Amino acid sequence: MAGVGSDSGASAETTYRSARVPLLLPTWLMIGVFLVLPVALMAVYSFLTKEMRGGVIWDFSLAAYDQFFVHRGLFGDEPPTLEWTYISVFGRSIIQAAIATVLCLLIGFPTAWFIATRPPETRGVWLFLVTVPYWVNLLIRTVSLRFLIRENGPLNDALMGAGVISEPLALINTDFAVQLGLFYSYLPFMVLPIYAAVERYNFTWSEAAADLYATRWVTLREIVLPIVRPGIVAGCLLVFIPSLGAFLAPNLLGGAKNFMIGSLIEEQFKKSLGNWPFGAAVSMILMSLVLILLMIYARSAARQEAR
Amino acid sequence: MTNAVDIRKVTKVFGTFTALHGVSLSIRDNEFFTLLGPSGCGKTTLLRLMAGFEEVSGGEILLFGQNIASLEPNLRPVNTVFQQYALFPHMSVIDNVAFGLKMKGWTLPKRRARAGEMLEMVHLSDFADRLPTQLSGGQQQRVALARALAPQPKVLLLDEPLSALDLKLRQAMRMELKQLQQGTGITFIFVTHDQEEALTMSNRIAVMSAGRVQQIGTPREIYETPVNRFVADFIGETNLLEVEVAAIAGDQAEVILPGGQRVTCSSATTEKGRHHLSVRPERVTLGTVGSGMQAVVEQVVYLGTDLQVLVRLDGGTAMQVRIQNAARTEVPSPGTRVGLTLEEGAARLLAD
Amino acid sequence: MALRSVRHYPGFLAVTVLCLVVLYAPLVVVTAYSFNDSPSITTWGGLSLRWYVDVFTGPEAPRFRAAAWNSLSIAFLAATIATGIATAAALAMLRAGKFKGRSLTFALINLPLMVPEIVIAVATLIFFTMIGFTTGYLTILIAHITFCIPFAYLPIAARLQGIDGSYEAAARDLYATRAQSFFLVLLPLMAPGVVSGYLLAFIISLDDFIITNFVKGAGMETLPTAIFGSVKQGIKPNIMAISTLMLAVSILFVTLSYFINRKGR
């Protein structure tokens, strides 16, 4: 591996060769038994028949996927057409997650750049300030945001007190509140990878561009952004993926009509009114989406590496 | 004729550290001018001030008569060859070379043609579509040169561009750079800590130390008539002897060597008293006992083309003498007594 | 016009400040209101610690105490076990040469980070239901250990990667057994990474809501699920006091981790 001296470390790199299997066994067992196997079972579940009181009957069925994609009318007697209800939940979730990602990028890039260009003594402090919220319980942060922006909450009080607005802003239970919540939840995930990329950026490139008649903003577009792109892409994925399956922000900030995938899945497992095979199917579709995204990313990263 | 660059009383302060103390110098048009000095002397800072990467703390920088001291770097008709080249890693070689032209608004066909010509000039036409990381150090160096020359700057700044190359390549590039400068007629301002590089390429050299210009002159002037101990010591090798000045008139002085002999030499000082005398080791002849300064040979170092003879004068001062390693050269053995005579122009009396 | 360095972009400072304001404003406001004497969350009734007293002695105190105990004991156990597993895995991944299945193992370690949390929650619930395991404390613990492994692994592996092999070689050269060279040389060098990994895993376990909510079973609560349950009926002042306490714990942890990393460098 990089970073381990290849000549001096040649022997130390293989110190634990004989103990390899016992060292890895706990990892294989834990993740294999309690994650890979469950995901496989979930895939199986999505092809089973639902039982009315929650749970399943062991009969093969495509009903879950049929319910997701195919519309047959209220009594199941209409000619099959594409069912839009659930696709539009996915569509809305993707849009919400995308807007949150763009928000994070617009705020996160300048922040990461600013921190990376501080002198080394103060850089650590800025970075610390950005990472602290990441360590704070997400539920508490989301609840706090809900408290802050609710109709007669401190934000509206302050804005009305300052005379900026005369009526309280209806922020809570809107799409914007969800976007804000996702942005607020995952912003550090955007800042950190971009910061790492900017830290590796050689500022002489910017000087060379300026020397060759590029203005600051042209340099940003032509030189900086293409070079730090891997950091930006990683940041966007780290925000977009958890946003897509988020549960807390839509649930606590969005209210009933701003339903996202997370809530759709959660509803299927509520006692007595759930539909486990359907919940498993929706989870499968969400996971496939995410894995496809990650595979595209891994492939393009590998291509980048090869260059 | 106006000078290409006029530096007037330029100071640069970083926090509590003063990098340049009121430097003034003028660089003529079409000149190959070198800023020479040890690391930390302020030469790179001065170059960065000319390019516009730093702002002067005081003073003026005139480019063909116009004060550019607070102009953004992209508005200065000056280009730089960076020490580590700073080639854009995500652009092909030809896109790198064409970048400045693109920023100046040239159309694609025009800038492609021009960049192609530049690559031809540095013999890299076959590498146009490669990425910079796929080139060797020497090739990257030439791309950086082509990129900086493509927009036809009025002045080209070169920040130790040869320091990352190995010795053979460095020597070849010296000739290439010199020819390029003569061919294009562009003023080159070259920063280096390597005195040999400076002496072989430059029309004129400014020797810098501790944020000040110590001496400006042609390579010959700098070597033959250094003004102070720093310059004499930094350029080439020298022996510094403390001597008493017997008489001084204009730029000539009569000094008393250790051992009592009197010689006349050129002088950088007008004051009598004790001063340092610079004696170039290759201008001293080893003679028989009785003539010149009396000394004992202590050690002989074999250098290939030369022999370096380390001797100790009778007063206790150590000196070194260079003799050519010709076929008939007699190699003195340690312990032998010798007399040292100074050739014409071997000595120079220095100001401190 | 002043000449600015190429690193300078106008407005970036303002954006950074805005970023920090957005990140901190809700936390600051909730902390401030947790000291509010008024039983209403909309009016300010002066400074008071009554809601902190309420958290420990009020009618909901037993429920919160049980939830806190569950949360902390699960976080402690999950972080400890996950850190042990991750340390072993890091040794095998970085100090056992190249081997078949190495990249597969790497993918396996990172799998909990790649699969969306809600999907892990669903899969784990289905798994435990199917094998007939009663959901409760143990199922929460097992799920937490599993998803804490990559969080513990990353800082440990990063640290181990930066430790030159020559230290262990020197120890062996100076007559240390393999065990001695591990415990006396490598482990102390790895320590900052191991501690960072442990702290991260602890916080991640404490933080988890969605997976816990799926596999906790009836009657079982951790702090996040208890808080979520309360918040559904509206944000009460005692919730803000609990939130502030948890905030303080988080900040303590991140500060610890920051200084350990700085010392380790």
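(A) Molecular detail of the packing of helix α5 (residues 138-149) of chain A against helix α7 (residues 175-200) of chain A. Residue and element names in this part refer to chain A. Packing of α5 against α7 brings their axes to within 11 Å, and their N-to-C directions diverge by 140°. One way to sum up the angle between α5 and α7 is to call them oblique. In terms of crossing hand, the pair formed by α5 and α7 is right-handed. For the pair α5 and α7, contact is made by Leu 138, Arg 141, Thr 142, Leu 145 and Ile 149 and by Ala 177, Leu 180, Gly 181, Tyr 184, Ser 185, Tyr 186 and Pro 188, respectively. Considered class by class, the residues forming the contact of α5 with α7 number eight nonpolar, three polar and one charged.

(B) Inspection of the sheet that holds strand β7 (residues 155-159) of chain B at higher detail. All names here are of chain B. Spatially, β6-β7-β8-β3-β9-β10 is the arrangement adopted by the six strands of the open sheet, whose pairing is mixed. Edge positions in the sheet fall to β6 (78-81) and β10 (212-217), since each has one partner strand and no second. On average, each strand axis in the sheet is inclined to that of its neighbour by 20°, with strand direction left out of account. Alignment of β6 against β7, held across four bridges, turns out to be parallel.

(C) Representation of the environment of Ile 74 of chain C within the structure. All names here are of chain C. Structurally, the position occupied by Ile 74 is in helix α3 (residues 61-94). Classification of Ile 74 by relative accessible area gives buried; the value is 1%. Expressed as a C-alpha distance, the spacing of Ile 74 and Ser 205, which sit 131 residues apart in the sequence, is 7.5 Å. In contact with Ile 74, other than residues within four places in its own chain, are Ala 79, Tyr 137, Ile 140, Leu 141, His 144, Ser 205 and Thr 222.

(D) Region of the structure containing the side chain of Asn 275 of chain A. Along the chain, the position of Asn 275 of chain A falls in the loop between α11 (261-268) and α12 (276-306). Other than its neighbours up to four places away in sequence, Asn 275 of chain A contacts Lys 50, Gln 67 and Gln 268 of chain A.

(E) Main features of the sheet that holds strand β14 (residues 273-279) of chain B. Residue and element names in this part refer to chain B. Taken in spatial order, the five strands close into a barrel running β11-β12-β13-β20-β14, and their pairing is mixed. Averaged over all neighbouring strand pairs, the angle between strand axes comes to 50°, with direction disregarded. Of the strand pairs in this sheet, strand β13 (residues 262-267) and strand β20 (residues 347-350) are connected by two bridges, and their pairing is parallel. Its bridge partner lying in β20, Ser 266 is registered against Arg 348.

(F) Structural context of the environment of Ala 144 of chain B. Residues and elements named next belong to chain B. Examined against the element boundaries, Ala 144 turns out to sit in helix α4 (residues 137-149). Distance in space between the C-alpha atoms of Ala 144 and Val 97 is 7.7 Å, their sequence separation being 47 residues. Leave out the neighbours within four places in its chain, and Ala 144 touches Val 81, Tyr 85 and Leu 87.

(G) View of the nonpolar core. The biggest cluster of nonpolar side chains holds 232 residues, and the ones touching the most others in it are Val 5, Leu 35 and Ile 61 of chain B. Looking at which element gives the most residues to this core, the answer is α3 of chain C, with 16 residues. The residues touching Ile 61 of chain B, leaving out its near neighbours within four places in the chain, are Val 5, Asp 6, Ile 7, Val 10, Leu 49, Met 50, Val 56, Gln 66, Asn 67, Ile 68 and Ala 69 of chain B. Counting residues in hydrophobic clusters, the runner-up holds 35 residues, among them Val 93, Ala 115, Val 122 and Met 173 of chain B.

(H) Spotlight on the interface of chain C and chain A. If you look at the interface, chain C gives 99 residues, while chain A gives 96 residues. Both faces combined, the contact of chain C with chain A buries some 9000 Å², and carbon together with sulfur accounts for 77% of it. Considering only the side of chain C, the residues that lose the most area to chain A are Arg 7, Tyr 9 and Phe 12 of chain C, jointly responsible for 7% of the buried surface there. On the surface where chain C and chain A come into contact, there are zero salt bridges. The tally of links from chain C across to chain A stands at 15 residue pairs in polar contact (both at pLDDT 80 or more). Per element, the largest residue contribution to the side of chain C that touches chain A is 16 residues, and it comes from helix α1 (residues 12-34) of chain C. Its residues placed into classes, the side of chain C that touches chain A shows 72 nonpolar, 17 polar and 10 charged.

Basis of the calculations
- Residues numbered from 1 in each chain as written.
- Chains lettered and ligands numbered in written order.
- Predicted model: local features only at pLDDT ≥ 70, side-chain atom pairs only at ≥ 80, totals over all residues.
- Heavy atoms only, no water.
- Axes fitted to C-alpha atoms, helices over the stretch in contact; angles between N-to-C directions.
- Helix = DSSP H or I, 4+ residues; strand = E, 2+ residues; numbered from the N terminus.
- Parallel < 35°, antiparallel > 145°, perpendicular 65-115°, else oblique.
- Left-handed = near helix turned anticlockwise from the far one by under 90°.
- Contact = heavy atoms within 4.5 Å.
- Nonpolar A, V, L, I, M, F, W, Y, C, P; charged D, E, K, R; others polar.
- Pairing = 2+ DSSP bridges.
- Buried < 20%, exposed > 50% of the residue type's maximum accessible area, 1.4 Å probe, protein only.
- Core = buried A, V, L, I, M, F, W, Y, C linked by side-chain atoms within 4.5 Å.
- Buried area = accessible area lost by both parts, 1.4 Å probe.
- Salt bridge = Lys/Arg side-chain N within 4 Å of Asp/Glu carboxyl O.
- Polar contact = N/O pair within 3.5 Å; in protein donor to acceptor, adjacent residues only side chain to side chain.

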